[in-house]
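What follows is the residue order along each chain.
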Amino acid sequence: MTRRFLTMIGAFGLVVGLMAGTPAWAVNPDEMLSNPVLEKRARDISQELRCLVCQNQSIDDSDAELARDLRVLVRERLIAGDTNEEAIDYIVARYGDYVLLNPPLKPETYILWASPAVLAILALLAVFAFYRRKQREASNATTSLSRDEQARLDEILGTSNGDKKS
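These figures come from a predicted structure and were not determined experimentally.

Visitor: When you look at the overall build of the protein chain in this model, what are you seeing that I'm missing?
Guide: Looking only at helices and strands, the protein chain has 6 helices and 2 strands in total. Mapped in sequence order, the helices and strands of the protein chain form the string α-α-α-α-α-α-β-β. With 166 residues in all, the protein chain has 22% of them scored as buried. The long-range share in the protein chain, meaning contacts at least 24 apart out of those at least 6 apart in sequence, stands at 48%. Here the protein chain has roughly 12,300 Å² of accessible surface; of this, 60% comes from carbon and sulfur atoms.

Visitor: Would you explain a negative patch on the surface in this entry?
Guide: Together, E48, E85, E86 and D89 make up a region of like negative charge exposed at the surface. Looking at the negative patch, the element that brings in the most residues is helix α4 (residues 84-95), giving 3 residues. Structurally, E85 is set in helix α4.

Visitor: So what exactly am I meant to see when it comes to the state of the cysteines here?
Guide: Throughout this description, disulfide means a covalent bond between two cysteine sulfur atoms. On inspection of all chains with the given rule, the structure shows 0 disulfides. Unpaired in terms of disulfides, C54 finds its nearest cysteine sulfur in C51, a separation of 3.4 Å. The exposure class assigned to C54 is partly exposed, which follows from its relative accessible area of 34%.

Visitor: Explain helix α2 (residues 36-48) to me, please; I cannot follow it from the model alone.
Guide: Every α-helix carries 3.6 residues per turn, so stepping three or four residues along brings you back to the same face. Between the first and last C-alpha of α2 there are 19 Å, a value that for 13 residues agrees with the 18 Å anticipated at 1.5 Å per step. Residues of α2 that are buried: L38, E39, A42, I45 and S46. What you see down the axis of α2 is that its buried residues fit within an arc of 125°, all on one side. Exposed residues on α2 whose side chains face more than 90 degrees from its buried face are P36, V37 and K40. Buried positions along α2 lie against α3 (65-79) and α4.

Visitor: Explanation requested: the packing of α3 against α4 in the structure shown.
Guide: Between α3 and α4, the least distance of the axes is 9 Å, while the angle of their chain directions is 135°. One way to sum up the angle between α3 and α4 is to call them oblique. Helix-helix and strand crossings are classified by hand; for α3 and α4 the assignment is right-handed. When α3 is examined against α4, the residues L66, L70, L73, V74, R77 and L78 are found in contact with a partner set consisting of N84, A87, Y90, I91, R94 and Y95. The residue inventory of the contact of α3 with α4, partitioned by class, reads 9 nonpolar, 1 polar and 2 charged.

Visitor: Please explain a nonpolar patch on the surface as it appears in this structure.
Guide: Among the surface-exposed residues, V118, L119, I121, L122 and L125 lie close enough to one another that they form a single nonpolar patch of about 490 Å² accessible area. Its location among the elements puts L122 in helix α5 (residues 110-141).

Visitor: Before we go on, may I ask you to explain the packing of aromatic side chains in this structure?
Guide: The relation between two aromatic rings is expressed through the spacing of the ring centres and the mutual angle of the planes. Enumeration according to the criterion identifies 1 aromatic pair in this entry. Ring geometry for F130 against Y131: centres 5.3 Å apart, planes inclined by 75°, an arrangement best described as edge-to-face. Given a relative accessible area of 54%, Y131 falls into the exposed group. Directly above the ring of Y98 sits R50, whose terminal nitrogen or CZ lies 4.6 Å from the centroid. Positioned above the aromatic ring of Y90, the side-chain terminus of R77 is 4.1 Å from the ring centre.

Definitions and cut-offs
- Here, residues in each chain are numbered from 1, in the same order as that chain's written sequence.
- Totals for whole chains, interfaces and linings use every residue, but because this is a predicted model, local features are given only for residues with pLDDT of at least 70 and side-chain atom pairs only at 80 or more, for both listing and counting.
- For side-chain calculations, the full set of non-hydrogen atoms in the structure is used, while hydrogens and water are omitted.
- Under the scheme used here, helices are H or I runs from DSSP no shorter than 4 residues and strands are E runs no shorter than 2 residues, and both carry numbers assigned from the N terminus.
- The buried label goes to any residue with under 20% of its type's maximum accessible area, the exposed label to any with over 50%, and the partly exposed label to all in between, with areas taken from a 1.4 Å probe on protein chains only.
- Any two residues whose heavy atoms approach within 4.5 Å at even a single point are treated as in contact.
- A 1.4 Å probe and the Shrake-Rupley method give the accessible areas. Residues count as covered only by the protein chains that appear here.
- Patch construction takes residues with relative accessible area above 30% that form no salt bridge. Like charges are linked within 9 Å, and nonpolar side chains (Val, Leu, Ile, Met, Phe, Trp, Tyr) are linked within 5 Å.
- Salt bridges, as used here, are contacts in which a Lys or Arg side-chain nitrogen is within 4 Å of a carboxyl oxygen on Asp or Glu.
- Under the convention used here, Asp and Glu are negative, Lys and Arg are positive, and both His and the chain ends fall outside the count.
- For this purpose, a charge sits on NZ of Lys, CZ of Arg, CG of Asp or CD of Glu.
- Defined by distance alone, a disulfide is two cysteine sulfur atoms within 2.5 Å.
- By this rule, a helix spans an expected 1.5 Å times one less than how many residues it contains.
- By arc we mean the arc of the directions from the helix axis to the C-beta atoms, nothing more.
- For helices, the fitted axis covers only the stretch in contact; all axes are lines through C-alpha atoms, and the angles between them, taken along N-to-C directions, range from 0 to 180 degrees.
- Convention used here: angles under 35 degrees read as roughly parallel, angles over 145 as roughly antiparallel, angles from 65 to 115 as roughly perpendicular, and any remaining angle as oblique.
- Crossing handedness is defined as follows: a turn of the near helix away from the far one that is anticlockwise and smaller than a right angle gives a left-handed crossing, while the clockwise case is right-handed.
- Three residue categories are used. Nonpolar comprises Ala, Val, Leu, Ile, Met, Phe, Trp, Tyr, Cys and Pro, charged comprises Asp, Glu, Lys and Arg, and polar comprises the others, including Gly.
- Ring pairs shown here join Phe, Tyr and Trp side chains whose ring centres sit within 6.5 Å, with only the six-membered ring taken for Trp; geometry is labelled stacked below 30 degrees between planes, edge-to-face above 60, and tilted in between.
- Think of it as a cone above the ring: NZ of Lys or CZ of Arg counts as a charge over the ring if it is within 6 Å of the ring centre and within 35 degrees of the ring normal.

Okay, here's the thing in structure tokens:
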């Protein structure tokens with residue numbers, strides 16, 4: 001391998017490594033609690049709650065303003081004496097089960113649990129229909145010619161029964 005290629009691979013690795021580390025910077029120092037036990041509990045809770053703006057990140061990993069507000073709210077609940085479950089229940093009562101990264105399976109959340117499978121099935125059906133249509137178009141294009149069409153084609157190409165005329 002060339003030195004230039006290895007340098008590019010190294011640079012790419014560095015960029016990916018830096019990008020992977022950025023979510024840890026989401027919690028601002030002014031949000032952190034002075035009590036390390038409460039801060040650890042707050043971080044554990046924040047890992048379970050979804051950022052409603054980013055939708056696929058925890059509030060602990062998100063830089064969105066709403067995620068910051070939720071992190072502060074969790075810390076306020078813990079300072080007020082709530083248990084982890086009580087703090088989570090308080091947030092869920094305000095924002096619904098969707099705020100949980102792992103929502104419970106109950107009738108109100110069936111759509112949250114079923115939507116990935118439904119979307120995957122719809123995507124597979126679309127791919128199947130696409131290839132089926134392409135196959136049908138290809139088979140229609142290769143249908144055999146009538147005798148008159150074949151004779152006319154042979155005449156144009158100057159062939160007779162697949163042989164070239166001299």
